[in-house]
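Overview (structure and organization)
Chain by chain, the residues:
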Protein chains: 2
Amino acid sequence: MPSTHSPDAPGPGRRSERLPRVLAADLAALPDGATASLSGWVHRRRALAGVTFLVLRDRSGLVQVVVREPETVEQLQSLPEETVVEVVGAVRHHPSAPGGAELVDPAVTALSEPAVAPPTELWRPAFGAGLPTLLDHAAVTLRHARHRAAWQLASASLRGFRTALAELDFTEIATPKLVGTATESGANVFAVDYFGRTAYLAQSPQLYKQMLVGVFERVFEVGPVFRAEPHDTVRHLAQYTSLDAEIGFIRDHRDVLLVLREAIAGMVQAIRTYAADAVELLEVRLPDVPAEFPVISFHDALARVGADPDEPDLSPAHERALSEWAAAAYGSDFLAVEGYPMSKRPFYTHPQAPPPDCAPDDPRREPGRWSNSFDLLFRGLELTTGGQRLHRPSDYAAALARTGQSPGPYAGYLEAFASGMPPHGGFAIGLERWVGRLTGAENIREVTLFPRDLHRLAP
Amino acid sequence: MPSTHSPDAPGPGRRSERLPRVLAADLAALPDGATASLSGWVHRRRALAGVTFLVLRDRSGLVQVVVREPETVEQLQSLPEETVVEVVGAVRHHPSAPGGAELVDPAVTALSEPAVAPPTELWRPAFGAGLPTLLDHAAVTLRHARHRAAWQLASASLRGFRTALAELDFTEIATPKLVGTATESGANVFAVDYFGRTAYLAQSPQLYKQMLVGVFERVFEVGPVFRAEPHDTVRHLAQYTSLDAEIGFIRDHRDVLLVLREAIAGMVQAIRTYAADAVELLEVRLPDVPAEFPVISFHDALARVGADPDEPDLSPAHERALSEWAAAAYGSDFLAVEGYPMSKRPFYTHPQAPPPDCAPDDPRREPGRWSNSFDLLFRGLELTTGGQRLHRPSDYAAALARTGQSPGPYAGYLEAFASGMPPHGGFAIGLERWVGRLTGAENIREVTLFPRDLHRLAP
């Protein structure tokens, strides 16, 4: 907490009639006996014979305030948990106090009105209510230490993602979320009344990030994407945060995997640096990010899990089994599965050249059957989808014809390819899935601020 | 360009059948005579007697390729501008070459098909077409150096905003863009078909960032906001990028201005650091950010521009005149106007206490007439709106009653205040307005990637 740059501290032009605010985490750095002013929430009150403990919470942590003066003890009875207060008192270093220091002889001032009781006691170490209470009362329940910590993992991850890509010379972009045609997948789009005509909410920045590879070569965007998911599952949301990147001048999807590896390593590093307390509180086991992700082909992955070789996709059970195998075989929490069937991938997907070492009758020799795309599995769940995209205009014409689509709605996009696009590819990471796997959350809604789904549009 | 971490360079597991890619900006660092492989777009071809110059463009800049071999000269005739190529040749240091080095004896390989001609010649220093061409063909026209540079100012600004706030201990948040009630202003909202009922696109993260002050104290969000602006103006868009911050435990809106000053200083610093080439190309005069923004009251601002003291708002002409005055009086490109009438501000606005030095008959003594809110003017235009918000639950009840609103739709929001919220406030910066003022763009659409408005939903 760089207090010298903070409006917590007096600075140029600050009026000085009030003591500067001290954060809980900084209390022990003050000399014994110093007068300190702290502000925060009444986290907990504990009345014993002859002494009442007031635990104050601010963004940096907790501090114990020792109250002996009878008038202040009585005053506290009308300042319930979650009331916002300022406490001015004397610093006392004390080895048994949390953080090594506590505040004594306090004067307490309420900064708002007495708080109503939250739907569950927020000071208890475990969150004492179920998912509906968490979500219905999110404005208050998110204050619980475990939920704050989960989002701190998310916040640090965003920072690490951007830092890693900025170091690789990526340009951040901001693309339209209102689009004229429901092009990318057709299904599961939200329709918007757009000045009397119909627009759609973008399901991903896919087409825009590709076009912008033509401008900046390497681009990323962190932003909301929208899926009108008609199913009520523990891992789908109507809005989630997508961490998107797209990279020009690649050789194939393996180059995309190298960048994805750097992005994820940056996210893990940022969590270590900026969210260490959250990692400790939630007992998160952070993954080691291997220098390269182990890769298995879709064809071999099916064989390994004993599935029919004509299966078009991996089931959740297959993904779990493959992750277990990667952990055992490579000591890796990550496994890239490459070469998904073209039939299961969007029209812009680049086909795979058959591996040079496969037998003449190997099904991988079938032209256009397999793709240069991948899924990255993390601890049993698909975390990322990515791959190489088509870049030749004639390939786009063929792909649209093959999938029965008219080029008209894609005119602005196809123009990029007609006017020269390099071989390129990219990926998208779902923020909430990432944090959900880190924390072991059973439901992705537990790690989302104000989730949106089939049933939920508030708060 | 940290080539050791870049997929441009060979790394662990990279297949090495191809030479590693060298960027244009790095060419002069190679020894004279070295063989180098560059990839990029054919920026321009110039055929002279006996020699053809191929100017190659990549994300780092331009490089001149000298072609004398007749077969390669002929080959270039079928590789028009914007075609994507790989060029392998010999480095020649040459004082008259742009960047100090050029490539000679090249072998050229097309990486895609020959490009069709862009709607305007992209190699010309000035953008040679009007706004409709720029926007209709954005996938290609954004490649023009001046448009790339304008967005590089935006991209660097985003980075600087986040860095400044992260240093002040802010937590990044991601809030819902689909909301159940068109609460904040009522007008200009987009309606969405949300699983058979009506949702709305969020006009700002205002209510959510306030609730999250109760969780993290200091929060920021960078994301899209949506306004169904029915008017076709040069400074409004249906979607723009909002840089939002909200801060707990302030004394009043002046503390918000201190944080806003740090955010803008961080944006300017990041532009200097990461977008110096764009600043030079566009001849941007970067503002000096004063240690504190000069402040004038709305009341005094009206008097200074000779407006009626009962005017409820400042007109664009007033804003320009005030900015001119601030430049002359304070040498500042920024001016904060504080104390707007409550009647023009949203219901959550905190009223102003009358200044202690004003006369007994001063209109500023009228209770509840003026607010603790501000606009920040930058070079004649409102860049930011911000201020202190209400934090006591009883004040919210009164404010909703005063504005004739039912508390029902705000239930999830009001719960935050009932359960204890500190004095707080915040601001929002419009990214496109910021870049527009920096570049002097006449229309905000010139500095937006794929803008959305009343008439435009593509590309």
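Definitions and cut-offs
- Residues numbered from 1 in each chain as written.
- Chains lettered and ligands numbered in written order.
- Predicted model: local features only at pLDDT ≥ 70, side-chain atom pairs only at ≥ 80, totals over all residues.
- Helix = DSSP H or I, 4+ residues; strand = E, 2+ residues; numbered from the N terminus.
- Buried ≥ 20, exposed ≤ 12 C-beta atoms within 10 Å, placed from the backbone.
- Contact = placed C-beta atoms within 7 Å.
- Least-squares fit on C-alpha atoms with pLDDT ≥ 70 in both.
- Core = buried A, V, L, I, M, F, W, Y, C linked by C-beta atoms within 7 Å.
- pLDDT = per-residue confidence, 0-100.
- Pairing = 2+ DSSP bridges.
- Axes fitted to C-alpha atoms, helices over the stretch in contact; angles between N-to-C directions.
- Domains from an automatic or database assignment.
- Parallel < 35°, antiparallel > 145°, perpendicular 65-115°, else oblique.
- Left-handed = near helix turned anticlockwise from the far one by under 90°.
- Nonpolar A, V, L, I, M, F, W, Y, C, P; charged D, E, K, R; others polar.

**Re the overall build of chain A**
Along its length, chain A carries 12 helices and 16 strands. Seen along its three principal axes, the alpha-carbon backbone of chain A occupies a region of about 90 × 55 × 40 Å. Scored against the burial criterion, the 459 residues of chain A give a buried share of 51%. Here the contacts in chain A between residues at least 6 apart in sequence split such that 64% fall between residues at least 24 apart.

**Focus: the relation of the copies chain A and chain B**
Take chain A, turn it by 180°, move it 0.0 Å along the axis, and it overlays chain B with an RMSD of 0.0 Å. As the rotation angle and translation indicate, the two copies are arranged about a two-fold axis. Considering only C-alpha atoms, the residue of chain A closest to the rotation axis is Val192 of chain A, which sits at 2.2 Å. By residue overlap, the copies meet face to face through one surface: 99% of the interface positions of chain A are interface positions in chain B.

**Section: the nonpolar core**
Membership of the largest hydrophobic core comes to 247 residues, with the highest contact counts inside it found for Val337 of chain A together with Val337 of chain B. When sequence neighbours within four positions are dropped, the list of residues in contact with Val337 of chain A reads Ile296, Phe298, Ala301, Leu314, Leu322, Phe374, Asp375 and Leu377 of chain A.

**What about the environment of Pro230 of chain B?**
Structurally, the position occupied by Pro230 of chain B is in the loop between β10 (218-226) and β11 (239-248). Residues Pro230 of chain B and Leu454 of chain B lie 224 residues apart in sequence; the distance between their C-alpha atoms is 6.4 Å.

**Some remarks on the confidence of the model for chain A**
All names here are of chain A. Confidence in the prediction for chain A averages 94 pLDDT; 95% of positions are at 70 or higher. Every residue in residues 1-16 scores below 50 in pLDDT, and together they form 29 contacts with partners more than four places removed in sequence or on other chains. Interface scoring of the predicted complex returns ipTM 0.95; its pTM is 0.95.

**Re the sheet that holds strand β12 (residues 295-297) of chain A**
All names here are of chain A. Strand order in this open sheet of eight strands is β6-β10-β11-β16-β15-β14-β13-β12, and the pairing throughout is mixed. One side of each edge strand has no neighbouring strand; the edge strands of this open sheet are β6 (171-172) and β12. Pairing geometry for strand β15 (residues 381-389) and strand β16 (residues 424-430), over six bridges, is antiparallel. Across the sheet, the residue bridging to Thr385 is Ala428, located in β16. The strands touched by helix α6 (residues 253-274) within the sheet are β11 (239-248), β13 (334-338), β14 (373-378), β15 and β16, with β15 carrying the most contacts at an inclination of about 135°. Along the sheet face, helix α12 (residues 431-439) touches β11, β14, β15 and β16 and points at about 55° away from the line of β16.

**Some details on the domain arrangement of chain A**
Partitioning chain A into domains gives domain 1 (3-110) and domain 2 (138-447). The gap between the C-alpha centroids of domain 1 of chain A and domain 2 of chain A is 46 Å.

**As for unusual backbone geometry**
A cis amide bond links Ala458 of chain A with the next residue in sequence, Pro459 of chain A, at an omega value of -10°. Within the secondary structure, Pro459 of chain A sits in the segment after α12. Positive phi values are uncommon outside glycine, yet Phe450 of chain A reaches one of about 55°. Locating Phe450 of chain A in the fold gives a position in the segment after α12. Using a count of 24 C-beta atoms within 10 Å as the deciding quantity, one classes Phe450 of chain A as buried. The backbone phi angle of Phe249 of chain B is positive, close to 60°, even though this residue is not glycine. Inspection of the secondary structure puts Phe249 of chain B in the loop between β11 and α6 (253-274).

**Topic: the interface of chain A and chain B**
Counting residues at the interface gives 95 residues for chain A, matched by 94 residues for chain B. Considering every element that reaches the side of chain A that touches chain B, the biggest residue donor is helix α4 (residues 145-167) of chain A, with seven residues.

**Some points on the sheet that holds strand β5 (residues 101-110) of chain B**
Reading around the barrel, the five strands line up as β1-β2-β3-β5-β4 (chain B) and close back on themselves, with mixed pairing between neighbours. Sheet twist, expressed as the average angle between the axes of neighbouring strands with direction ignored, equals 55°.

**Some words on helix α5 (residues 206-216) of chain B**
Helical geometry note: an α-helix holds 3.6 residues per turn, so side chains three or four residues apart project in the same direction. The element α5 of chain B is largely enclosed, with a buried count of 11 among its 11 residues. Two residues or fewer past α5 of chain B, Glu217 of chain B is found with a positive phi of approximately 70°.

**So, the pairing of strand β10 (residues 218-226) of chain A**
Residue and element names in this part refer to chain A. In terms of burial, β10 is largely enclosed, as nine of its nine residues are buried. By the bridge criterion, two bridges tie β6 to β10 in an arrangement that is parallel. Across the sheet, residue Thr171 finds its bridge partner in β10, namely Val219.

**Some remarks on the packing of α4 of chain A against α12 of chain A**
Residues and elements named next belong to chain A. One way to put it is that α4 packs onto α12 with a least axis distance of 10 Å and a crossing angle of 130°. Relative to α12, the element α4 lies oblique. Two packed elements cross with a definite hand, and for α4 against α12 that hand is right-handed. The residues of α12 that touch α4, namely those facing Ala150, Leu153, Ala154 and Ser157, are Leu431, Trp434, Val435, Leu438 and Thr439. Of the residues in the contact of α4 with α12, the class split is seven nonpolar, two polar and no charged.

**Brief notes about the environment of Pro393 of chain A**
Mapped onto the fold, Pro393 of chain A is located in helix α10 (residues 393-402). Beyond its immediate stretch of four places on either side in the chain, Pro393 of chain A contacts Leu414, Phe417 and Ala418 of chain A together with Glu113 of chain B.

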